[in-house]
Amino acid sequence: MPASPSIQATIAPTSCCDLDSDKGSKIPLLFLSIHGAVWFVIASFLYVFAAVKMHGPEMAKTLPWLAYGRLQPAATNAFLYGFLSQAGMAVGIWILARLSRTKVALPAILTFGGVLWNATVLIGTIGILAGYNSGFPWMEMPAGAQAMLFVASIVISVCALLTVASRKDRELYPAAWFFIGAFLTLPWILGTGSWTLLGQTVRGAVQLSVNGWFINSLTWLWFGFLGFGALFYVIPKTSKTDLYSRSSAIFAFWTLALLAGWGGVHSGAPLPRWIITLSESANLIFLVPIALVVHNLWNSTDGDSVSENDSSSLSFARFALAALIAYALASVSFYLRDRNLTLQLSLFSQGLVFMFLFGFVGFGILAAYNLMLPSLLGRQFKPARLGILLIPVFLVSLPLILGGSRQAAIWADATKTSADVVRGVVPFVGMSTAGYLTLFAGAVLMLLQIVKTLKAVIMEDCGCGTWLTETTESKKTK
Amino acid sequence: MNHATLIFLGLLATFIGSWSGMVLAPQVQLGRQQPDYQLQPYGKPPMDGDLGEIYPQARPGLVAQGREIYQREGCYYCHSQQVTGHPADARWTQLGRFSVHRDYLFDQPAMFGVQRLGPDLANVGLRMADTNWHLIHLYAPNAFMDGASGQKSSMPPYKHLFEVRKIMPQGGSSDALKLPKSVEVPGGDKFEVVPTAEAKALTAYLLSLRQDVNVFEAPMYAPKAKTNSVSQTATNGAAK
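Residues numbered from 1 in each chain as written. Chains lettered and ligands numbered in written order. Predicted model: local features only at pLDDT ≥ 70, side-chain atom pairs only at ≥ 80, totals over all residues. Heavy atoms only, no water.

1. Brief notes about the overall build of chain B
Move 1: Within chain B, the secondary structure is distributed over six helices and four strands.
Move 2: Tracing chain B from N to C terminus, the helices and strands come up as α-β-β-α-α-α-β-β-α-α.
Move 3: Buried residues in chain B amount to 54% of all 240 residues.
Move 4: When contacts within chain B are restricted to residue pairs at least 6 apart in sequence, long-range pairs at least 24 apart make up 75% of them.
Move 5: In the form shown here, chain B has an accessible surface area of approximately 10900 Å², with 59% of it arising from carbon and sulfur atoms. (Helix = DSSP H or I, 4+ residues; strand = E, 2+ residues; numbered from the N terminus. Buried < 20%, exposed > 50% of the residue type's maximum accessible area, 1.4 Å probe, protein only. Contact = heavy atoms within 4.5 Å. Areas by Shrake-Rupley, 256 points an atom, 1.4 Å probe, with all protein chains shown as cover.)

2. Overview of the confidence of the model for chain A
Residue and element names in this part refer to chain A.
Move 1: Considering every residue of chain A, the mean pLDDT works out to 88; 89% of them sit at 70 or more.
Move 2: The secondary-structure element of chain A with the lowest mean pLDDT is helix 15 (residues 467-477), recorded at 52, while helix 3 (residues 107-130) shows the highest, at 97.
Move 3: A low-confidence stretch, residues 1-5 stays under pLDDT 50, and its non-local contacts, those more than four residues away or across chains, total nine contacts.
Move 4: In this model residues 8-18 is a low-confidence stretch, pLDDT under 50, and it forms 35 contacts with partners more than four residues away in sequence or in other chains. (pLDDT = per-residue confidence, 0-100.)

3. Quick word on helix 7 (residues 246-259) of chain A
Move 1: The end-to-end C-alpha distance of helix 7 of chain A is 20 Å, a good match for the 20 Å that 14 residues give at a rise of 1.5 Å each.
Move 2: The element helix 7 of chain A is extensively covered by neighbouring structure, given that 10 of its 14 residues are classed as buried.
Move 3: Those residues of helix 7 of chain A that sit buried are A:R246, A:S248, A:A249, A:I250, A:A252, A:F253, A:T255, A:L256, A:A257 and A:L259.
Move 4: Buried-residue contacts for helix 7 of chain A involve helix 5 (174-197), helix 6 (206-239), helix 8 (273-285) and helix 9 (287-298) of chain A together with helix 1 (3-30) of chain B. (Expected span 1.5 Å × (residues − 1).)

4. Comments concerning the state of the cysteines
All names here are of chain B.
Move 1: Per the counting criterion, the structure on display carries zero disulfides over all chains.
Move 2: For C75, which is in no disulfide, the shortest distance to another cysteine sulfur is to C78 and amounts to 8.6 Å.
Move 3: The buried category is assigned to C75, whose relative accessible area is 13%. (Disulfide = S-S within 2.5 Å.)

5. Focus on the packing of aromatic side chains
All names here are of chain A.
Move 1: Counted under the stated rule, the structure contains 44 aromatic pairs over all chains.
Move 2: Ring geometry for F178 and F253: centres 5.3 Å apart, planes at 80°, overall edge-to-face. Residue F178 is found in helix 5, and its partner F253 is found in helix 7; the two are separated by 75 residues along the sequence. Taken as a pair, F178 and F253 share a single burial class, namely buried.
Move 3: Site record: aromatic cluster; members linked through ring pairs are W177, F178, W220, F225, F228, F232, F253, W254, F286, Y327, F356 and F360. (Phe/Tyr/Trp six-rings, centres within 6.5 Å; stacked < 30°, edge-to-face > 60°.)

6. Here's the deal with the interface of chain B and chain A
Move 1: Counting residues at the interface gives 77 residues for chain B and 87 residues for chain A.
Move 2: When chain B packs against chain A, close to 6800 Å² is buried across both sides, 65% of that on carbon and sulfur atoms.
Move 3: Applying the counting rule to chain B against chain A returns one salt bridge.
Move 4: Where B:E73 meets A:R70, a salt bridge forms, and the shortest distance between an N and an O atom there is 2.8 Å.
Move 5: At the surface where chain B touches chain A, the tally comes to 24 residue pairs in polar contact (both at pLDDT 80 or more).
Move 6: At the level of secondary structure, the elements contributing two or more residues to the side of chain B that touches chain A comprise helix 1, helix 2 (62-72) and helix 6 (223-239) of chain B.
Move 7: Tallying contributions element by element places helix 1 of chain B first for the side of chain B that touches chain A, with 21 residues.
Move 8: Looking at side-chain class alone, the side of chain B that touches chain A contains 33 nonpolar, 35 polar and nine charged residues. (Buried area = accessible area lost by both parts, 1.4 Å probe. Salt bridge = Lys/Arg side-chain N within 4 Å of Asp/Glu carboxyl O. Polar contact = N/O pair within 3.5 Å; in protein donor to acceptor, adjacent residues only side chain to side chain. Nonpolar A, V, L, I, M, F, W, Y, C, P; charged D, E, K, R; others polar.)

As structure tokens, this is what we get:
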């Protein structure tokens with residue numbers, strides 16, 4: 001392995017508009033970031049509504065659009081594709097451009113890709129609420145929307161990969177490895193998954209294996225790589241230290257790539273035993289790269305961060321690492337065969353997934369948001385207020401994990417009935433509803449903060465080549 | 001070394017690896033499986049000259065329409081359709097066997113379920129074969145909850161699958177639900193609740209859910225667990 005070049009050498013401080021890579025990138029990246037924040041509000045609102053419906057199923061009973069079975073998948077898809085994917089795309093492309101010391105390739109095409117992606121998620125979410133559910137978890141959007149999502153992912157990924165291809169420095173940093181991996185594999189996963197399941201090329205329980213493969217691949221190769229990429233960029237940059245071990249990061253990258261996709265089948269699936277054993281083994285071996293990444297990044301957080309933004313980004317990144325550790329510990333209990341037989345079909349899996357997706361990936365992306373938005377907007381962003389978003393990580397995940405354990409224990413007792421299950425999980429669902437409410441409040445706060453900052457930038461000249469000035473000048477030239 | 005090429009080829013190889021393992025290999029092993037012949041369904045004693053039945057069978061018509069409604073309403077978010085190897089799962093089967101690939105040959109999409117907030121439905125057609133019970137349960141899920149405990153069902157009422165009509169002078173509809181006294185009809189005694197075609201289709205689908213044939217590849221529960229399941233069948237049916 002080549003010696004680890006300092007990531008600091010390539011990244012200028014976060015002051016406004018001081019990098020070539022940000023010029024011309026603003027419109028597509030702001031488009032993705034702001035729409036990601038809008039979808040965060042929509043998804044968290046749908047989550048709140050779905051959680052409330054668990055307590056009061058009679059509420060709005062004459063409106064079929066608002067049944068729990070429609071709200072929950074709509075919320076999940078809006079969260080996965082509207083918020084997390086889109087925010088991750090913005091952060092990923094911004095970091096790739098910075099590390100490559102180049103401008104974002106084909107910004108107009110990227111904006112078009114963003115418009116297409118948003119239109120698709122909107123059609124898909126409305127489609128699910130209207131009852132056009134495909135029936136496969138994580139790909140409930142109607143088949144047409146799923147096909148559009150695949151096309152949009154190609155457009156966006158091509159722009160991201162062309163940005164790297166035009167890099168001035170041939171060396172690739174570990175953060176870039178993860179983002180390249182994410183953008184390369186996203187269209188492969190969406191295309192293969194949609195074609196296999198929605199194209200009805202497989203039948204019977206093989207559908208369960210394919211759906212598990214799709215979810216596991218998307219979790220690790222897309223969302224996981226976005227989270228790891230963001231942390232491998234944010235932590236060395238904000239702590240002003242070099243990455244502890246480049247070779248460990250690359251080893252973790254390949255181990256994760258090798259294992260992704262194998263762990264999606266649960267222990268009780270109606271499939272041959274060899275598939276289940278392979279899946280169980282992969283899920284436990286995942287702990288190795290997770291431990292490597294945590295050790296590597298935790299040892300890279302020792303420096304002194306200076307600005308408020310850097311400090312807050314580093315805090316978010318540390319929290320993302322802590323959430324990853326919590327996920328790893330909970331997953332050991334979850335993936336052991338005897339426990340997985342009952343836990344898989346409980347709220348536990350929902351809590352575990354939320355811990356990974358929001359606690360780890362979400363906070364990794366938010367840590368990078370704190371650096372990206374001031375750079376794109378040419379104005380300081382006050383991320384400290386977003387501390388409210390820490391609450392739902394605990395208040396959603398932990399009750400669901402504990403409630404899921406209770407739910408599994410009740411079902412495991414053959415003398416208990418579904419009424420006992422409902423009675424047992426209601427207090428935990430109540431706590432998670434409070435968690436979703438704080439998630440919604442945090443999402444609204446984040447969107448307001450972005451809009452407020454954007455409005456201020458538009459209203460006044462910050463004095464160092466603002467977005468407004470740039471736009472006005474370009475209009476004058478025309 | 002050009003790392004970008006390495007990343008591309010390496011990721012392509014790992015991606016093809018997991019796809020081959022979790023998509024292609026199961027498809028090669030199970031994809032060409034066909035229904036089995038001369039099987040004896042649960043509860044149907046063999047008779048002279050009886051050649052048995054084909055299992056599973058395609059379920060077109062009303063059942064297929066019902067499956068679309070089950071999919072549309074996202075029922076699989078709270079109900080599973082898979083009997084796993086956990087001993088307590090023996091409560092969900094009358095035959096004492098696990099679910100296997102063959103059970104889902106004609107299910108497109110097969111909705112295995114996200115979680116079990118409500119009971120498993122893999123054999124609900126065997127466990128509760130009363131059409132009227134299912135229709136009332138869809139209209140008012142609390143109708144069959146244990147009133148003494150005060151616990152209400154977390155299942156939403158699917159009112160939009162029913163029509164509330166004024167009873168005609170010449171008499172009510174023959175399809176009208178025979179609701180228990182605990183369920184109030186909007187408008188009072190002069191009105192009746194009639195299931196729409198969608199409610200009937202969904203009920204037909206639920207009644208068709210029955211893994212009621214012992215296929216050779218299906219693992220069986222230990223005898224103790226099976227005994228347990230038989231004793232629980234009535235309880236679960238009533239509590240559902």
